[in-house]
Amino acid sequence: MAEPILRVTDLKVTYGKVEAVRGVSFDVQAGSLVTLVGANGAGKSSIINAISGIVKPSGGKVLFEGQDITKTGAHKLVGRGLVQVPEGRQVLSTLTIGENLQLGARKLRGGAAAAIDGIYERFPVLGERRQLPAGSLSGGEQQMLAIGRAMLAEPRVIFMDEPSMGLAPKIVDEVFKVIEEIRAGGTTVVLVEQNARRALQAADEGHILQNGEIVRSGTGAELLADDGIIQAYLGTG
Ligand code: ATP
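Residues numbered from 1 in each chain as written. Predicted model: local features only at pLDDT ≥ 70, side-chain atom pairs only at ≥ 80, totals over all residues. Heavy atoms only, no water.

Digging into the layout of surface pockets
One way to see where empty space is left: roll a probe the size of a water molecule over the atoms.
Okay, step 1: A volume near 650 Å³ is recorded for the largest pocket.
Okay, step 2: Contributing to the lining of the largest pocket are 22 residues, with V78, V83, G104, R106 and A153 lying nearest its centre.
Okay, step 3: Breaking the lining of the largest pocket down by element, the ones donating at least two residues are α2 (74-79), β6 (82-85), α3 (97-104) and α6 (139-151).
Okay, step 4: For the lining of the largest pocket, a count of residues per class yields 13 nonpolar, six polar and three charged.
Okay, step 5: By volume, the second largest pocket amounts to about 260 Å³.
Okay, step 6: Along the walls of the second largest pocket sit 13 residues, with R122, F123, V125, M144 and E174 positioned nearest its centre.
Okay, step 7: Among the secondary structure elements, those contributing two or more residues to the lining of the second largest pocket are α5 (124-128), α6 and α7 (169-184).
Okay, step 8: Counting residues per element, the lining of the second largest pocket draws most heavily on α7, which supplies five residues. (1 Å grid on protein atoms, 1.4 Å probe; cavity = no way out; pocket = protein on both sides within 12 Å on 5 of 7 lines; lining within 4 Å. Points joined across faces, edges and corners; volume = space filled by probe spheres on them. Helix = DSSP H or I, 4+ residues; strand = E, 2+ residues; numbered from the N terminus. Nonpolar A, V, L, I, M, F, W, Y, C, P; charged D, E, K, R; others polar.)

What follows is the structure in structure tokens.
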């Protein structure tokens, strides 16, 4: 198999005395969609925050294309193509939709306008309402804006933290369609979800987290096909 785009080895994250991630290892192949699923508090967000430089791991190693990025901060990693769409979306609600996208396109010297037009083509509702404050968008539309903004950073790997949280089922389908399109476009996706079934359906590979450890790994299809796994770790999700 080719060298993975990401190799995570024995990753640990602690907050004071809380051991949120207790030695997690997995590879991510370039162009694949990998999902981390598991209950609230299992450590999923902490893992992607540690990989993307938002929190400092207390142990272990992260390689990006073979290079050690364990101690590299988020700002630098964004420049290298590791970009996170944060949980809760965090769009700047008093700025317009257009301004939010311009912030995402900062590093695109010259090509920003064309790239933003590309986002408006993909998400027409954002184009139609580009002059309006981002806070006027629905939850699903804000999620699209957050994803669009992250895509403007030209990610090699995009990390998504609970993109379907709080959205109506029809909107969840739309968000997953966008995630699958991003993967189809060649961008590697690491997806954290509590909506395990939906995430495993979309994923090439999945890892089930419990109390800061990976308890099962497999292809999305393998994990979905095992009723025992779904019952034991994922509820009816
Ligand atoms: P969620 O879906 O709630 O985000 P998760 O699986 O992503 O769950 P984490 O958010 O990584 O889990 O949290 C793992 C553990 O670490 C939990 O016990 C949580 O309370 C704790 N934790 C997370 N962030 C912090 C923090 N900044 N300070 C202290 N404890 C934290």
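So, the sheet that holds strand β9 (residues 205-210)
Okay, step 1: The sheet built from six strands is open, its strands ordered β6-β7-β8-β3-β9-β10 with mixed pairing. Edge positions in the open sheet fall to β6 and β10 (213-219), since each of these has one partner strand only. With direction set aside, neighbouring strand axes in the sheet form an average angle of 15 degrees.
Okay, step 2: Where α6 meets the sheet, it contacts β6 and β7 (157-161), and its direction lies at approximately 170 degrees from that of β6.
Okay, step 3: In the packing of α7 onto the sheet, the strands contacted are β3 (33-38), β7 and β8 (188-193), and the crossing angle to β8 comes to about 150 degrees. (Pairing = 2+ DSSP bridges. Axes fitted to C-alpha atoms, helices over the stretch in contact; angles between N-to-C directions. Contact = heavy atoms within 4.5 Å.)

Digging into the pattern of salt bridges
Okay, step 1: In total, this model carries eleven salt bridges according to the counting rule given.
Okay, step 2: Of the charged contacts in the structure, one is a salt bridge between D27 and R7, with a shortest N-O distance of 2.7 Å. In this pair, D27 is assigned in strand β2 (residues 18-28) and R7 in strand β1 (residues 6-15), connecting sequence segments 20 residues apart.
Okay, step 3: According to the relative accessible area criterion, D27 is partly exposed, its value standing at 25%.
Okay, step 4: A salt bridge links D204 to R183; its shortest N-O distance comes to 2.8 Å. Highlighted residues: D204 in the loop between α8 (196-202) and β9 and R183 in helix α7, separated in sequence by 21 residues.
Okay, step 5: Owing to a relative accessible area of 29%, D204 belongs among the partly exposed residues under this scheme.
Okay, step 6: Within the structure, one salt-bridge network assembled from shared partners comprises R122, K177 and E181. (Salt bridge = Lys/Arg side-chain N within 4 Å of Asp/Glu carboxyl O. Buried < 20%, exposed > 50% of the residue type's maximum accessible area, 1.4 Å probe, protein only.)

Considering the site of the ligand
Okay, step 1: By nearness alone, 13 residues border the ligand, and N40, G41, K44, S45 and S46 come closest of all.
Okay, step 2: Measuring from an oxygen atom of the ligand, one finds a backbone N or O atom of A42 at 3.0 Å.
Okay, step 3: S46 places a side-chain nitrogen or oxygen 2.6 Å from an oxygen atom of the ligand.
Okay, step 4: When the ligand sits alone it has 620 Å² of accessible area, and the protein chains cover 61% of it.
Okay, step 5: No other element matches the three residues that helix α1 (residues 44-51) contributes to the shell around the ligand.
Okay, step 6: Here the shell around the ligand is composed, by residue class, of four nonpolar, six polar and three charged. (Near = heavy atom within 4 Å. Polar contact = N/O pair within 3.5 Å; in protein donor to acceptor, adjacent residues only side chain to side chain. Areas by Shrake-Rupley, 256 points an atom, 1.4 Å probe, with all protein chains shown as cover.)

Details of the pairing of β3
Okay, step 1: Where burial is concerned, most of β3 is hidden: six out of the six residues are buried.
Okay, step 2: What you see with β3 is no split at all: L33, T35 and V37 on one side and V34, L36 and G38 on the other are buried throughout.
Okay, step 3: Judged from the five bridges that link them, β3 and β8 form a sheet pairing that is parallel. Within β8, the position partnered with L33 by the bridge is V189.
Okay, step 4: Bridge count between β3 and β9: five bridges; the pairing is parallel.

As for the confidence of the model for the protein
Okay, step 1: With 96% of its residues at a pLDDT of 70 or more, the protein has an overall mean of 91.
Okay, step 2: This complex was scored by the predictor with a pTM of 0.93 and an ipTM of 0.93. (pLDDT = per-residue confidence, 0-100.)

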